[in-house]
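Here is what each chain is made of, one letter per residue.
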Amino acid sequence: MKKFILSSFLVLFVLCTYAQIIHPADGPVYDKNEIAKIEVFIDADSLALILDPDNAESDHEFPADIFFTNNGKTDTIPEIGFRLRGNTSRVSDKKSFKIAFNSFTSGRRYEGVKKFNLNGEHNDPSICRSRICWELGAANGIPVSRVAHCELYVNSEYKGLYINLEHINDDWLSLRFGNNSGNLYKCLYPANLRYISNNPDDYKMTNYSGDRVYALKTNEEIDDYSGLAHFIDVLNNTPSNQLACALDEVFNTEAYLQALAYEVLMGHWDNYSYNQNNFYLYENPATGKIEYIPYDMDNTMGIDWFGIDWANHDINNWNNPYEDLPMAKRLLAVPELKEIYLFYLREMQQQIIATTFLNGIEAMHGQIKEAAYADTYKSMDYGFTNEDFDASFTTTHSDMHVKTGIIPYMENRAASALTQLGNFNAAPIIRYPQADVTTKPGQVIFKAYVADEAIPEVICSYSVNGGDDESITLYDDGQHDDGQANDGCFANTFDDVEAGSISYQMTAKDAQNQSRTRPCTPKTVIIKEVGNLVINEFMADNENTIADNNGDYSDWIELYNNSEDEIFLGDYYLTDNVQEPFKWQLPEDYLEAGGFALVWASGDVGSGAYHSNFKLSKGGEEIGLFTDEGGEADTADFIVFGAQSPDISYGRATDAAPAWIFFDTPTPGASNGTIGIEDADFARISVYPNPYRQRFTIKNEGTEALQAQLYDVQGRLLLQTEVRPGSAYQANDSYGSGFRILQLNSGNNDTKRIKMVAY
């Protein structure tokens, strides 16, 4: 049987789960149920230097030790980096700090986190406006940071109640987008996104502090701004009647309009659309589109420095009238795009007035009250008292910059927005339309996420190899590989795919006969035979699985010869950055047909011929396999991957299969899914998708009944069922995101365990 792989013209291999935003579990660092205690112990002279007003702008890190206590457990982390952080908070009395676990120990993380951003929130008497905003954003699938309150002690002195905000870096990207290899820009005032020229270097300008306005935070050595320049060109210079479709090629427009609606409701004026400030842009290599990431949400919910009543400010003319800010101004001038913005605004308007949301704010007030009362630093900048802290939740103010309490702001903003919205019915909104392979050879799944006032009809029109147009209905019923019923994900599968191309579009229509189609023009993906040499399996966090020739537990990459002839490896190159395709040349050896080659990603070429000059990031990145065609790189294989777990490999479901899964029993240098005597009963069992969102399918095409148990990482049994021969079982997992172990027991009492990821 031929093996096929699905690729687009942008990247060679894209997983469905890399398209939709995934908000990671809080974990112990961002646990909302308890206020953590962070104790920092640092040399007194070092602390004096940090707090010296003459060093307010310094980012120099001093070594310190910390104790992190939560839920009765205390962890000690020695020799971390400690310094000031922030902008205005650097010269405030209640300062903000950064803790870096990897400053003096390369690659070190605490509970998967490299850095703590400890924000004093000196500007906000409630010390919780930003947390409320981030939690609402996460609940709506907006790419935001995780957050939790903590009590901060430095050399045993209580510094007050702080916000621990997740740092945006490569790990952050992997957890949201499943990759981190694209360009990430931190955009600060005056990041207006106005067109300058077609020269990418012209967007490397600096602001008053000498920092780049669009500061590149990844791929800094390459320093290529061409993607940003192209996006700004499209944004500014496309005629208005073509803008929606032109942007759809380069920008996650719907996600930005949802984020804009969110910022407008929260009164976040220190953002792009009012103050040309405080946002990130990420060039997502899995989609080829730029993502908008909100940032710095403390000046919200009634905090004002301009004499503007943000709770009643016009949602239809919210942008700064004195600035030309095309990403907001031009988009909202297009009726179709403004309708999407208003749809999301109305959706969140209903959320912020809900009793459960307002009660949650009151509960937060009660949770942090004792720690806030004890915080004497909160009064040092603006004289905030404990009475001000309490009033900041419930009372309208007229003094200083805090004009409105949080709950009155929410009530007024919701009422004002509802009046300004009026009555309208939006056409269905389509996000992340995609075609992807499943674990079954020759099968493609069409999928899209659709939002509407009611359940719409969703049709995928497609053409195979330029043939006649056909169509398939997509469902959100939990029975068509669409996840949980009524979750907004519509999908269906198409079987018996031959090599060639598939062009597709998706149209959603509501009961009022309004419709929307995305992509604007059919997107073409290529179904082609898997290459002769492929990346078959890898491990980016090898702690104890297999040692290399030096006895070290280096990361590894397994290559597989998928042909009937031997292959000369010296013609191939491996890289962890596709912008450097010729990073490491394979040894001048031959690999037999059906053979495996194991490359150690140790970063030390002196350790042996099969040691590459790069390492893999367990936080997620990419692996590329290339050949040199007259100085031009020709892609042989490519994989973008997200965060990895210790001693769990990621590989093709079977050798050279199109779909990738996790293996809790890695097979470096051997066949993936090897069918031996102990595995014979599982030869006709398939489990998909993996990763999954609340639901996955166990398909039993064998002749014996199958017993299945799903466990979480603590060993708790989440579900148990029997899958009869010739049937499929849709497992419903409502226990939130995280890792799972699926145990399958055959009629011969053989056992197979599969690592699963719920998101």
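Note that this is a predicted model, so its numbers are computed, not measured. (Residues numbered from 1 in each chain as written. Predicted model: local features only at pLDDT ≥ 70, side-chain atom pairs only at ≥ 80, totals over all residues. Heavy atoms only, no water.)

Chemist: Help me understand the overall build of the protein in this model?
Modeler: Per the secondary structure count, the protein includes twelve helices and 37 strands. Against the 2.2 N^0.38 benchmark of 27 Å for 759 residues, the protein shows a C-alpha radius of gyration of 27 Å, consistent with a compact globule. Principal axes of the C-alpha set define a box for the protein whose edges measure 80 × 65 × 55 Å. When contacts within the protein are restricted to residue pairs at least 6 apart in sequence, long-range pairs at least 24 apart make up 66% of them. Summed over all atoms, the accessible surface of the protein reaches about 29500 Å², with 46% contributed by carbon and sulfur. Counting 56 positive and 111 negative side-chain charges, the protein places the centres of these two groups 4 Å from one another. (Helix = DSSP H or I, 4+ residues; strand = E, 2+ residues; numbered from the N terminus. Rg over C-alpha atoms; globule rule 2.2 N^0.38 Å. Contact = heavy atoms within 4.5 Å. Areas by Shrake-Rupley, 256 points an atom, 1.4 Å probe, with all protein chains shown as cover. Lys, Arg positive; Asp, Glu negative; His and termini not counted. Charge placed at Lys NZ, Arg CZ, Asp CG, Glu CD.)

Chemist: Sorry if this is basic, but what is going on with the packing of helix 9 (residues 335-352) against helix 12 (residues 406-421) here?
Modeler: How two helices sit against one another is set out by the angle between their axes and by the gap between those axes. At a minimum axis separation of 9 Å, helix 9 and helix 12 run at an interaxial angle of 145°. Of the two elements, helix 9 crosses helix 12, and the hand of that crossing is left-handed. On helix 12, the residues that touch Leu342, Leu345, Arg346, Gln349 and Ile352 of helix 9 are Met410, Arg413, Ala414, Ala417, Leu418 and Leu421. In terms of residue class, the contact of helix 9 with helix 12 is built from eight nonpolar, one polar and two charged. (Axes fitted to C-alpha atoms, helices over the stretch in contact; angles between N-to-C directions. Left-handed = near helix turned anticlockwise from the far one by under 90°. Nonpolar A, V, L, I, M, F, W, Y, C, P; charged D, E, K, R; others polar.)

Chemist: Whenever I open this one, the state of the cysteines confuses me. Can you help?
Modeler: Here is the idea: a disulfide is a covalent bond, and it sits between the sulfur atoms of two cysteines. Enumeration over the complete set of coordinates arrives at one disulfide. The disulfide that involves Cys245 links it to Cys520, with 2.1 Å between the sulfurs. Measuring the twist about the S-S bond at about -85°, one finds the Cys245-Cys520 disulfide to be left-handed. Within this pair, whereas Cys245 is found in helix 5 (residues 240-248), its partner Cys520 is found in strand 19 (residues 515-529), the two being separated by 275 residues in sequence. (Disulfide = S-S within 2.5 Å.)

Chemist: How should unusual backbone geometry be read in this particular structure?
Modeler: Excluding glycine, residues mostly have negative phi values, and the peptide bonds linking residues are mostly trans. Looking along the chain, the bond that leaves Tyr189 and enters Pro190 is cis, with omega of -5°. For Pro190, the position within the fold is in the loop between strand 9 (184-187) and strand 10 (214-216). Positive phi, normally seen in glycine, also occurs at Asp647, with a value near 60°. Looking at the element boundaries, Asp647 is found in the loop between strand 28 (632-641) and strand 29 (649-652).

Chemist: Sorry, what's going on with the sheet that holds strand 30 (residues 660-663) here?
Modeler: For sheets, the rule is that strands pair by backbone hydrogen bonds, running either parallel or antiparallel. With antiparallel pairing, five strands are arranged side by side in an open sheet as 26-21-20-29-30. Each edge of the sheet is formed by a strand with only one pairing partner; in this case those strands are strand 26 (596-601) and strand 30. With strand direction ignored, the average angle separating the axes of adjacent strands in the sheet is 30°. (Pairing = 2+ DSSP bridges.)

Chemist: Looking at this structure, how should I read the sheet that holds strand 7 (residues 147-154)?
Modeler: The mixed closed barrel is built from seven strands, whose spatial order is 2-3-4-5-6-8-7. Each strand axis lies, on average, 40° off the axis of its neighbour in the sheet, ignoring direction. Judged from the four bridges that link them, strand 5 (residues 96-100) and strand 6 (residues 115-119) form a sheet pairing that is antiparallel. The partner of Phe97 across the bridge, within strand 6, is Leu118. Packed on one face of the sheet, helix 2 (residues 129-139) meets strand 7 and strand 8 (157-166) and runs near 145° to strand 7.

Chemist: What is the right way to look at helix 5 in this model?
Modeler: Residues that lie three or four places apart on an α-helix share one face, since the helix turns once every 3.6 residues. Those residues of helix 5 that sit buried are Leu243, Ala244, Leu247 and Asp248. Taken around the axis of helix 5, the buried residues stretch over an arc of 115°, which confines them to a single face. (Buried < 20%, exposed > 50% of the residue type's maximum accessible area, 1.4 Å probe, protein only. Arc of directions from axis to C-beta.)

Chemist: Please explain the pattern of salt bridges as it appears in this structure.
Modeler: Two side chains bearing opposite charge may form a pair once their charged atoms approach each other closely. Evaluated as defined, the whole model comprises 26 salt bridges. A salt bridge links Arg90 to Asp59; the nearest nitrogen and oxygen atoms lie 2.5 Å apart. Here Asp59 lies in the loop between helix 1 (44-51) and strand 3 (62-70) and Arg90 lies in the loop between strand 4 (73-85) and strand 5, a separation of 31 residues in the sequence. Given the relative accessible area of 43%, Asp59 is considered partly exposed. The residue Glu339 makes a salt bridge to Arg516 at a minimum N-O spacing of 2.8 Å. Here Arg516 lies in strand 19 and Glu339 lies in helix 9, a separation of 177 residues in the sequence. (Salt bridge = Lys/Arg side-chain N within 4 Å of Asp/Glu carboxyl O.)

Chemist: Teacher, can you tell me more about the side chain of Asp375 here?
Modeler: Turning to its location among the elements, Asp375 is positioned in the loop between helix 10 (355-373) and helix 11 (386-394). Among the polar contacts listed, one links the side chain of Asp375 to the backbone nitrogen of Tyr377, at a separation of 3.0 Å. Those residues within four positions of Asp375 in sequence are excluded, and the remaining contacts are Lys94, Ile127, Tyr158, Lys159, Gly160 and Leu161. (Polar contact = N/O pair within 3.5 Å; in protein donor to acceptor, adjacent residues only side chain to side chain.)

Chemist: What is the right way to look at the environment of Tyr225 in this model?
Modeler: Structurally, the position occupied by Tyr225 is in the loop between strand 10 and helix 4 (226-237). Judged by relative accessible area, Tyr225 falls into the buried class, the value being 0%. It is 8.4 Å that separates the C-alpha atoms of Tyr225 and Asn183, two residues lying 42 residues apart in sequence. In contact with Tyr225, not counting residues within four places along its chain, are Tyr185, Pro200, Tyr203, Lys204, Arg212, Tyr214, Ala215 and Leu216. Within the structure, the side chain of Tyr225 is placed 3.0 Å from the side chain of Arg212, a separation counted as a polar contact.

Function cannot be inferred from these measures alone, as they are strictly geometric.
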